[in-house]
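Chains, contacts and geometry: an overview
What follows is the residue order along each chain.
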Amino acid sequence: MAESTIQQQPVLGWEKPELDLSGADWQSSSRGLGDVQIAFVEGFIAMRNSGSPQSPSLIFTPAEWGAFVSGAREGEFDLT
């Protein structure tokens, strides 16, 4: 089977800049016991896997972050 490359177009409403996370002050979740780190950069919240920091980070607006945290508190997400 031949491989194909699909070019994805940006999602409508996706207005997040490419953030430079190289100098970000990463903070561990769960008082250092979790696998997730977050950083506050230019008004956005970045989240990454602490075990694989070179992997892409998720970028949240403050509203998206609030919805994510609210969902996690209600058990919608397993953060372990």
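Residues numbered from 1 in each chain as written. Predicted model: local features only at pLDDT ≥ 70, side-chain atom pairs only at ≥ 80, totals over all residues. Heavy atoms only, no water.

**Remarks on the sheet that holds strand β4 (residues 58-60)**
Pairing between the strands of a sheet is mediated by backbone hydrogen bonds and can be parallel or antiparallel. One open sheet holds the 4 strands; their spatial order is β1-β2-β3-β4, and the pairing between them is antiparallel. Where the open sheet ends on each side, the last strands, each with one partner, are β1 (27-28) and β4. In the sheet, strand β3 (residues 44-49) pairs with β4 via 3 bridges, with the strands oriented antiparallel. Residue pairing for β4: Met47 is matched across the bridge by Leu58. Against the sheet, helix α1 (residues 62-73) touches β2 (36-41), β3 and β4, its axis set at about 105° to β4. (Pairing = 2+ DSSP bridges. Helix = DSSP H or I, 4+ residues; strand = E, 2+ residues; numbered from the N terminus. Contact = heavy atoms within 4.5 Å. Axes fitted to C-alpha atoms, helices over the stretch in contact; angles between N-to-C directions.)

**A word on the nonpolar core**
Residues Leu19, Leu21, Ala24, Trp26, Ala39, Val41, Phe44, Ala46 and Ile59 constitute the largest nonpolar core, which totals 9 residues. Elements represented by at least two residues in this core include exactly β2 and β3. The residues touching Val41, leaving out its near neighbours within four places in the chain, are Leu19, Asp20, Leu21 and Ala24. Counting residues in hydrophobic clusters, the runner-up holds 6 residues, among them Ile38, Ile45, Met47 and Phe68. (Core = buried A, V, L, I, M, F, W, Y, C linked by side-chain atoms within 4.5 Å. Buried < 20%, exposed > 50% of the residue type's maximum accessible area, 1.4 Å probe, protein only.)

**Observations concerning the packing of aromatic side chains**
One pass over the structure, following the stated rule, counts 3 aromatic pairs. Between Phe60 and Trp65, the aromatic rings sit 5.2 Å apart at their centres with planes inclined by 70°, giving edge-to-face as the arrangement. Put simply, the rings of Phe60, Trp65 and Phe68 pair up and form one aromatic cluster. (Phe/Tyr/Trp six-rings, centres within 6.5 Å; stacked < 30°, edge-to-face > 60°.)

**Description of the pairing of β2**
Two elements, β1 and β2, share 2 bridges in a ladder whose sense is antiparallel. Considered in β2, the bridge of Gln27 is made with Ile38. By the bridge criterion, 6 bridges tie β2 to β3 in an arrangement that is antiparallel. Paired with Gln37 across the bridge in β3 is Arg48. Taking the residues that link successive antiparallel strands as the turn, the β2-β3 hairpin has 2 residues, and the phi of Glu42 there is positive, at about 50°.

**Notes on unusual backbone geometry**
Although it is not a glycine, Glu42 sits at a positive phi angle of roughly 50°. Residue placement: Glu42 occurs in the loop between β2 and β3.

**As for the environment of Asp25**
Position of Asp25 among the secondary structure elements: in the segment before β1. The class of Asp25 is exposed, set by a relative accessible area of 58%. In this view, Asp25 contacts Ile38 and Ala39; residues no more than four positions away in its chain are not counted.

In short, shape yes, function no, at least from these values alone.
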